[in-house]
Amino acid sequence: MQVQLSELILVVAFVRRLILLSLCFVYLPVQALEAPAARHLLTRTGFEPRLVEIEDLQNSSHAESIEKLLHGLRKQPTVEPPAWVHAPPPNVRAMRKAPGNEKEAFRKRQRALGWELKSWWLREMIATPSPLTERMALFWHNHFASSLRKLKIPHPLYRQNELFRKHGTQNAADLLRALIRDPAVLVYLDNHRNVKRAPNENFARELLELFTLGEGHYQESDIKAAARAMSGYGIDKVSGKFKFRAKRHDNGVKVLFGQSGNFDGEAVVEILLAHPRTAEFWSEKLWFEFTGSVAPRQRVRALAQTLRSNNYAVAPWLRSLFLMPEFSDPALYGTRIKSPTEFVVGLARSFNLQLPPGPALARATRRLGQDLFDPPNVRGWPGGHSWISADSLLARQQLIGRLTRGKEMPMMAMAKSKRGRTRGASATVLQRWLAGLPPRLSSRAQITSLLLPLAPVEAQVSTASPTVRFVESLLLDPVYQLN
Amino acid sequence: MHRRTLLQAIAAAGGAALTPVARAAPLPRTLILLELNGGNDGLNTVVPYADPAYSVLRPKIAIKRDQVLQLDDHVGLHGALEPLQKLWRAGDLAVVQGLGYPRANRSHFRSIEIWDTASDADEYLQQGWIANVLASSGIARDSDIDAVVLGRAYPGPVASADMRMILMRSPKQFLRRAKRMVELQSQSRNSALGHLLKVRSNVFSSAASIEAAMQATTNLVLDAPSYDSNLGKQLASAARLIIGGANVPAIKVSLTGFDTHAGQAGKHRSLLTELGGALSAFAQTLQLAQRWDDVIVATYSEFGRRAHENGSGGTDHGTAAPHLVLGGRVRGGLYGQTPSLRTLDGGDLRYTVDFRNYYASIAREWWNVSPAAIRGTSAKTLGIIS
């Protein structure tokens, strides 16, 4: 039988792939996770874990643990949001014509509501049984950035945040489809001003440059075409909901990436989803979010391939990432810098902090460089090394200092006793935490590996048994900033 | 492992810094980079008031002739920059027109990257152009700090893995925290940890200089109302660092809000008011302290804006724009050519001076650094500084 060369090549490629696949399977760790590996998985996919979270995973293998985490992904938050999110949003345009003092009162109230929203999200991150859900919400928030500063009212940002769970943990294509009708995005990027007779390119530009393809993968003409396709997509001035105005929509033929048609916004999204670069761009960012490093090309291609071949479903995409060797390599523990949110939420979760009412936590993350719902610009927070500057590092140290001196969180009043009088912090947070550790985990070595991803770089305070000072020195060690 | 507290280090350095300096050697020079973040509308900043095409391009938002501070028979400044008139008359203000580059990019992030790294439109460089200049010369040899970044916490032109750079909200806040840190000297095991340790190390050695400068300027008068604005506060901090002897070669300050796609008139006026007021107060402070000759302030921005106004009373991203250079040694006047309003590039102004020449002029004329340190520039510089 004559075999064509091309057929032979195909067969060889197939067999080779099969062998590689089975090798991967063989090398997958099937034994139960040791504590450091469990800890690493939890901090990388969530926030600093409580002891029970680590112990829970230690009965499973690496692959099983990942399935547990993926299975726990949620489509909705667990903490009830402030009541006002369900009311119709205020009419910002109408307020522009209001007299000065009314305007000022309005601004003040919206600022206060903004703080409430930020505080709500932080509480969700602390309370949630699925930290991975919130990490995905944060990932999408950073990628599809919109900001409160420009929108002036927090209501649309709550709705957008819902999308980051509802679709963001399920299907990335559905998320993008939902976002081109999302009032927060449309207003933030001026698309409500994008009309047939006077196209506004802002949304179209960011859609291509920052949300899907990245710089260098489109022409200016593609932006112009996408802007025309998105014309008329705006919001209803009264209800704040999405509204398509056909009269303002450019119904002509547009040429986008060499394809011709009377495209509207939805068509543009489908074209972008069909473009191979989108899944790659998103995969590059996902890798960076969870590893703090730049992905090698083959990993990006593999992740993108998984994303596309599963029709943009999120769980297989995450599974693929978490099963990659770099993700669980012990040599790469502690090579990623925690974001301000992870740092603050991690402290709150792992030390079971009593949360103060009000925006103390939200102010803390802002102080450290991450104001939730208010990224610095549409590119989001750059992350990585940029989280640490002279200023932010000192602020992190200061926060820990306040924590260990019994002040729980900055600007928080001391916990009131049942008699209503303010008590001194006789039992500080760290004393309580130490007292709560089971005896088998109370050695200095155990506490160190519970709190840090790597051995500390500072010489340790030498005491016979672990004290508050010892724990404090671990938290102040530079290694505590890493996961 | 060698440890000492910052307080001990400051005590060691403080004595020397506080004794009066014998004026034998020339005082160190500082460059202040003033980022106009968002893309400043150059056409309404340096206004070609005498050109009839101007008000045809901008029927609603053109600056009226009687609101323009005439610099010569053709161009003038937006009226809100009135506080800078004194500096113009004293010859301390240079206006460099038509700054841009070939194949200009109109994305905020890409274009500011190009300006920050002095790259070509299709090159992707990592280091800030100031970082290159400082690294290739011995300018920062006698300093403890290469650069201080105030305002927008974005290093831009001073960005580099190796620069001794401090990003701070204010010297006071920075010092309040630095005092609690313990100095560490250890090797890094990974780049994230290495970065953490390097930042700590920077904090430690810089803080001593900054503390000394703050102590030396506790009685410095900074009560001008213009110092209350965001930019004013940054320049006040810069003044204290310079006059107090911190010896920081480069200080970056920034003013944000220039991305005026809609309702430009009021916003732009307000920004230029802040700009003019803060710069004027700063110049006065430095003149009083007899340090005005040791400082240059140079503005820059990611791009100018389109020649036509848009349908929302604003302007969209454009290309060429003018920038301002101020200082005691500046040779005041107009430089470059006013971009033509008739020959546009798809609605955009054509640049007349490559911004790399602007940088090269600063590097050569201010610090005597060869323009070769800035890639792709001609040997001839603009002659802005004497």
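Residues numbered from 1 in each chain as written. Chains lettered and ligands numbered in written order. Predicted model: local features only at pLDDT ≥ 70, side-chain atom pairs only at ≥ 80, totals over all residues.

Helix and strand content of chain A: 24 helices and four strands. Burial analysis of chain A (483 residues in total) assigns 44% to the buried set. (Helix = DSSP H or I, 4+ residues; strand = E, 2+ residues; numbered from the N terminus. Buried ≥ 20, exposed ≤ 12 C-beta atoms within 10 Å, placed from the backbone.)

Time to look at helix 4 (residues 108-117) of chain B. Residues and elements named next belong to chain B. Of all ten residues that make up helix 4, eight are buried, and the element is covered over most of its length. Buried within helix 4 are the following residues: His108, Ser111, Ile112, Glu113, Ile114, Trp115, Asp116 and Thr117. Tucked into the core, helix 4 has its buried residues touching helix 5 (129-136), strand 9 (295-300) and helix 10 (355-367). (Contact = placed C-beta atoms within 7 Å.)

Our next topic: the pairing of strand 5 (residues 93-100) of chain B. All names here are of chain B. Counting buried positions over the eight residues of strand 5 gives eight, a clear majority of the element. Pairing of strand 5 with strand 10 (residues 321-327), which is carried by five bridges, proceeds in the antiparallel orientation. Residue pairing across strands places Val96 opposite His323, the latter belonging to strand 10. As judged from the three bridges shared by strand 5 and strand 11 (residues 333-335), these two strands associate in the parallel manner. (Pairing = 2+ DSSP bridges.)

What follows concerns the sheet that holds strand 4 (residues 76-78) of chain B. All names here are of chain B. Ordered in space as 2-4-3, the three strands form an open sheet in which the pairing is antiparallel. Two strands bound the open sheet, and with one partner strand each, they are strand 2 (46-47) and strand 3 (68-70). One ladder, built from two bridges, connects strand 2 with strand 4; its direction is antiparallel. For Val47, the partnering residue across the bridge sits in strand 4 and is Gly76.

A word on unusual backbone geometry. One non-glycine residue, Lys152 of chain A, lies in the positive phi region at around 75°. Inspection of the secondary structure puts Lys152 of chain A in the loop between helix 8 (148-151) and helix 9 (155-166). Its identity as a non-glycine residue notwithstanding, Gln290 of chain B has a phi of 60°, on the positive side. Looking at the element boundaries, Gln290 of chain B is found in the loop between helix 9 (264-288) and strand 9. Given 11 C-beta atoms within 10 Å, Gln290 of chain B falls into the exposed group.

Our next topic: the domain arrangement of chain A. All names here are of chain A. When cut into domains, chain A gives domain 1 (83-276) and domain 2 (340-481). In this assembly, 22 residues from domain 1 lie in contact with 16 residues from domain 2. Secondary structure elements with two or more residues in the side of domain 1 that touches domain 2: helix 6 (100-127), helix 7 (131-143), helix 8 and helix 12 (202-212). A class-by-class count of the residues in the side of domain 1 that touches domain 2 yields 13 nonpolar, five polar and four charged. (Domains from an automatic or database assignment. Nonpolar A, V, L, I, M, F, W, Y, C, P; charged D, E, K, R; others polar.)

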